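Structural features, examined
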Amino acid sequence: MELIFLGTGAGTPSRERNVSAIALTLDNCRSGAIWMFDCGEATQHQFMRSPLKPGKLDKIFITHLHGDHIFGLPGLLTSRSMGGVMTPLTLYGPKGLKSFVETSLSLSASYVTFPLEIIEIEAGEVFDDGHYIVTAWPMAHVIECYGYRIQEHDKPGVLDAERLKAEGIAAGPWFQQLKRGETVIMDDGREVCGKDYLGTYTKGKSLAIFGDTAPTAVASEMARQVDVMVHEATLEAAMQEKANGRGHSTTHQAATAAKQAGAKRLIATHFSSRYGYADMERLLAECRDIFPATEFARDFAVFTL
Ligand SMILES: [Zn+2]
Ligand SMILES: [Zn+2]
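Residues numbered from 1 in each chain as written. Chains lettered and ligands numbered in written order. Predicted model: local features only at pLDDT ≥ 70, side-chain atom pairs only at ≥ 80, totals over all residues. Heavy atoms only, no water.

The name that an unreviewed UniProt entry assigns to the protein chain is Ribonuclease BN, with the source organism given as [Pantoea] beijingensis. Listed under Subunit (unreviewed entry) in UniProt, the entry text for the protein chain is "Homodimer." What UniProt states about the protein chain under its Function (unreviewed entry) heading is, verbatim, "Zinc phosphodiesterase, which has both exoribonuclease and endoribonuclease activities." (UniProt positions renumbered as here; feature names shortened; annotations may be inferred.)

Structure (structure tokens):
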């Protein structure tokens, strides 16, 4: 799994940063599918400059309807269609997303030829597709806003078929039960416990991608022991009052949230356009004072999970 940041600025684009969008490439069990989180203006331009393929994009999760998070949708959708991509795409986001997309398309006499589904969500489970469980969590922002936790299911170990054969247990439909770790009673009365024949399982990866938010009580549960937490750090520590008043967090607050949740890594993003890359060392130090495993996103940065 890889996180590719396509836009890491808050509110307006700057010379260095575009507005919010993050791509997540899934591993081989999903044949390299791409999920995206938010789609600020000109995300399709950023997408073109990255190694990502539009045909692989199959889900977009919107945190909230502020323009810097959704103004890229109409262009991205229609270009994906004009480029001949026919694979389905599903959008998830707060109430109003469907109206925004449908109105933008209809008023501009635009349409898409691929199957497009728009699902308006509430807090709770968004879906469980057997590989990943995605849940939505309410953020503390000035409009309805969600963060998403992506939890990969644990992968069971491989069944040692050679050893079963060597012990006189023939292949058969019971192999499926053994693969699930269940106990099977054979025709000769022997009890065979699947768990004894399974290799070690691989723990599923987890990540929490926050929307715009002031510090919120749900953060600790949403990001509990995640491999990667992506959190906004709009302003520096000294500007806490201003940040929180607008439903945003500071560097210190993002780092504190990661520490309290027991996250393994924090990637901070959504920086105010008042900061250039030259300010980043100072801001990063503010986070690392509290949570040393902090990294800062910049446009086109790739993080491997
Ligand atoms: Zn924002
Ligand atoms: Zn916002």
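What follows continues from the structure just given.
With that out of the way, let us pick up the nonpolar core. General note: in soluble globular proteins, nonpolar side chains tend to be found buried as a group. Judged by nonpolar contacts, the single largest core of 31 residues is most densely connected at F210, A223, M229, L266, M280 and F296. When residues of this core are traced back to their parent elements, those giving at least two are α7 (219-222), α9 (251-261), β14 (266-269) and α10 (280-290). Per-element tally for this core: the top contributor is α9, with five residues. Those residues within four positions of F210 in sequence are excluded, and the remaining contacts are M139, G147, A219, M222, A223, M229, V230 and H231. (Core = buried A, V, L, I, M, F, W, Y, C linked by side-chain atoms within 4.5 Å. Buried < 20%, exposed > 50% of the residue type's maximum accessible area, 1.4 Å probe, protein only. Helix = DSSP H or I, 4+ residues; strand = E, 2+ residues; numbered from the N terminus. Contact = heavy atoms within 4.5 Å.)

When four donors bind a metal tetrahedrally, each ideal donor-metal-donor angle is 109.5 degrees, and when six bind octahedrally, the ideal angles are 90 or 180 degrees. Listed as protein donors to the zinc ion (ligand 2) are H64 (NE2), H66 (ND1), H141 (NE2) and D212 (OD); their distances from the metal cover 2.2 to 2.4 Å. Geometry at the zinc ion (ligand 2) is irregular, judged from its four donor atoms and the angles of 89 to 167 degrees they form at the metal. Separation of the zinc ion (ligand 2) from the zinc ion (ligand 1) amounts to 3.6 Å, with D212 serving as a shared donor to the pair. Here D212 lies in the loop between β12 (206-209) and α7 and H66 lies in the loop between β4 (57-61) and α2 (67-70), a separation of 146 residues in the sequence. What makes H66 partly exposed here is its relative accessible area of 25%. Overall, D212 belongs to the buried group, its relative accessible area being 3%. (Donors = N, O, S within 2.8 Å, 3.2 Å for Na, K, Ca; no water. Tetrahedral: all angles 85-135°; square planar, octahedral: opposite > 155°, others 65-115°.)

Here we come to the coordination of the zinc ion (ligand 1). Donor atoms from the polypeptide that bind the zinc ion (ligand 1) are D68 (OD), H69 (NE2), D212 (OD) and H270 (NE2), placed at 2.1 to 2.5 Å. In this structure, the zinc ion (ligand 1) is surrounded by four donor atoms whose angles at the metal cover 89 to 159 degrees, and the resulting shape is irregular. Of note, the donors binding the zinc ion (ligand 1) are all from one chain and are spaced D-H-x142-D-x57-H.

Turning our attention to the sheet that holds strand β5 (residues 89-93). What the seven strands build is an open sheet, ordered β6-β5-β4-β3-β2-β1-β16; its pairing is mixed. Both outer strands of the open sheet, β6 (116-120) and β16 (302-304), are each paired with one neighbouring strand and no more. The average angle at which neighbouring strand axes cross in this sheet is 20 degrees, direction not considered. (Pairing = 2+ DSSP bridges. Axes fitted to C-alpha atoms, helices over the stretch in contact; angles between N-to-C directions.)

Working note: regular strand, side chains alternate between the two faces of the sheet. Every second residue of β14 is oriented toward a common face, with L266 and A268 on one face and I267 and T269 on the other, all of them buried. Direction of pairing for strand β13 (residues 228-232) relative to β14: parallel, over a ladder of four bridges. Residue E232 lies in a different strand from β14, and its bridge partner there is T269. Two elements, β14 and strand β15 (residues 294-296), share three bridges in a ladder whose sense is parallel. When the bridges of β15 are listed, I267 appears paired with E295. On the question of chirality, the crossover connecting β14 to the parallel β15 by way of α10 is right-handed. (Right-handed = clockwise from strand over helix to strand, strands pointing away.)

Among the residues of α9, those classed as buried are T251, Q253, A254, A255, A257, A258 and A261. Of the surrounding secondary structure, the elements contacted by the buried residues of α9 are α7, β13, α8 (240-245), β14, α10 and β15. Following α9 by one or two positions, G262 has its phi on the positive side, about 70 degrees.

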